[in-house]
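In case you want the letters, here they are:
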Amino acid sequence: MSNLPSPSMGAMTRAIVIACLCVVISACTAQFRNHGYIPSDDDLSAVLVGIDTRDSVSETVGRPTSSGVLQDQAWYYVGSRVRTWAFTAPETIEREIVAISFADDGTVANIERFGLEDGQVVALSRRITETSIREFGLIQNILRNFGRIDVGEQLAQQ
């Protein structure tokens, strides 16, 4: 008997290597996710400036994903496309915002469309209040504050 591998064993090894390569290559393809809702151009062309109201816009193009922060003077429809490739961080490759602003009488004043190229990155600032609670546990904080309470002062306030 010889110790040479059979021809079918080489074909099976080759098939396994090819399958593994296909899995590795397919894992590196980009994946795309769509978020939000943008009305179509046909729906937006049906909205008439100066005539349509919030109710008619709601019926024509639907309710927005967000509206004005301080006053309800505008509706914002936001849509974005995010690409994730292999092990890299997700990247927003397309973003579109449709802003429908309203006049004081409730009619449509303006319809605007903005793209990712029109915007600018806004750095958000998080203010963190430092506290000593992290240094001590709950029981330790209760015991530390126990002697600080003046019972006489508390009874005098009532």
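Everything below is about the structure shown above.
Predicted, not measured: the structure shown is a model, and the values here were computed from it.

(A) Highlighting the nonpolar core. Core analysis: the biggest nonpolar cluster contains 10 residues, these being L44, V47, V57, V61, W75, Y77, V98, I100, F102 and V108. The element that contributes the greatest number of residues to this core is strand β4 (residues 91–102), accounting for three residues.

(B) The pattern of salt bridges, seen in detail. Applying the stated criterion across every chain, the model contains three salt bridges. Notably, a salt bridge pairs R83 with E91, separated by 2.8 Å at the nearest N-O pair. Judged by its relative accessible area of 40%, E91 is partly exposed. Its salt-bridge partner being R113, residue E96 comes within 2.2 Å of it at the nearest N-O pair. Within this pair, whereas E96 is found in strand β4, its partner R113 is found in strand β5 (residues 108–115), the two being separated by 17 residues in sequence. Judged by its relative accessible area of 27%, E96 is partly exposed. Exposure remark for R113: the relative accessible area of 35% places this residue in the partly exposed category. What emerges from the salt-bridge pattern is a single network uniting D41, E96 and R113.

(C) Up close: the packing of aromatic side chains. Considering all chains together, one arrives at two aromatic pairs under this definition. Relative to Y77, the ring of Y37 has its centre 6.0 Å away and its plane inclined at 75°; by these criteria the two rings are edge-to-face. With a gap of 40 residues between them, Y37 in the loop between β1 (30–36) and α2 (41–45) and Y77 in strand β3 (residues 74–85) connect regions that are remote in the sequence. Y37 gets classed as partly exposed once you look at its relative accessible area, which sits at 34%. Classification of Y77 by relative accessible area gives buried; the value is 0%. Ring geometry for W75 against F102: centres 5.2 Å apart, planes inclined by 75°, an arrangement best described as edge-to-face. Residue W75 is found in strand β3, and its partner F102 is found in strand β4; the two are separated by 27 residues along the sequence. Overall, the relative accessible area of 5% leaves F102 in the buried class. Above the ring of F102, the side-chain terminus of R54 is found at 4.5 Å from the ring centroid.

(D) Region of the structure containing the pairing of β3. Sheet topology places β1 next to β3; seven bridges connect them, and they run antiparallel. Residue pairing for β3: H35 is matched across the bridge by S80. Pairing geometry for β3 and β4, over 10 bridges, is antiparallel. Among the inter-strand pairings, G79 is bridged to a residue of β4, identified as E96. Taking the residues that link successive antiparallel strands as the turn, the β3-β4 hairpin has five residues, and the phi of A86 there is positive, at about 50°.

(E) Summary view of the side chain of S56. Relative to the assigned elements, S56 resides in helix α3 (residues 54–61). Owing to a relative accessible area of 19%, S56 belongs among the buried residues under this scheme. Among the polar contacts made by the side chain of S56, one reaches the side chain of D52 at a distance of 3.1 Å.

(F) Quick look at the environment of D52. On the secondary structure map, D52 appears in the loop between α2 and α3. You can call D52 buried: its relative accessible area is 12%. Between the C-alpha atom of D52 and that of G106, which follows or precedes it by 54 residues, the distance is 8.5 Å. A distance of 2.6 Å separates a polar atom in the side chain of D52 from the backbone nitrogen of L48.

So, how was this worked out
- Residue positions within a chain follow its written sequence, with the count starting from 1.
- Confidence filtering applies because this is a predicted model: local features only for residues at pLDDT of at least 70, side-chain atom pairs given and counted only at 80 or more, and all residues used for totals across whole chains, interfaces and linings.
- Based on all heavy atoms of the structure, the side-chain values leave hydrogens and waters out of the count.
- Residues enter a nonpolar core if they are buried and are Ala, Val, Leu, Ile, Met, Phe, Trp, Tyr or Cys, with the set joined through side-chain atoms within 4.5 Å.
- Buried means the residue's accessible area, taken with a 1.4 Å probe over protein chains only, is under 20% of the maximum for its type, while exposed means over 50%, and partly exposed covers the values in between.
- Numbering of helices and strands runs from the N terminus; a helix is a DSSP stretch of H or I covering at least four residues, while a strand is a stretch of E covering at least two.
- We count a salt bridge whenever a side-chain nitrogen from Lys or Arg sits within 4 Å of a carboxyl oxygen from Asp or Glu.
- Pairing of aromatic rings covers Phe, Tyr and the six-membered ring of Trp, with a centre-to-centre limit of 6.5 Å; geometry is then stacked below 30 degrees between planes, edge-to-face above 60, and tilted otherwise.
- Two limits define a charge over a ring: the Lys NZ or Arg CZ must be within 6 Å of the ring centre, and within 35 degrees of the ring normal.
- Whether two strands pair comes down to DSSP finding at least two bridges between them.
- Definition of a polar contact: a pair of N or O atoms within 3.5 Å, with one able to donate and the other able to accept a hydrogen when the atoms are protein atoms, and with sequence-neighbouring residues admitted only if both atoms are side-chain atoms.

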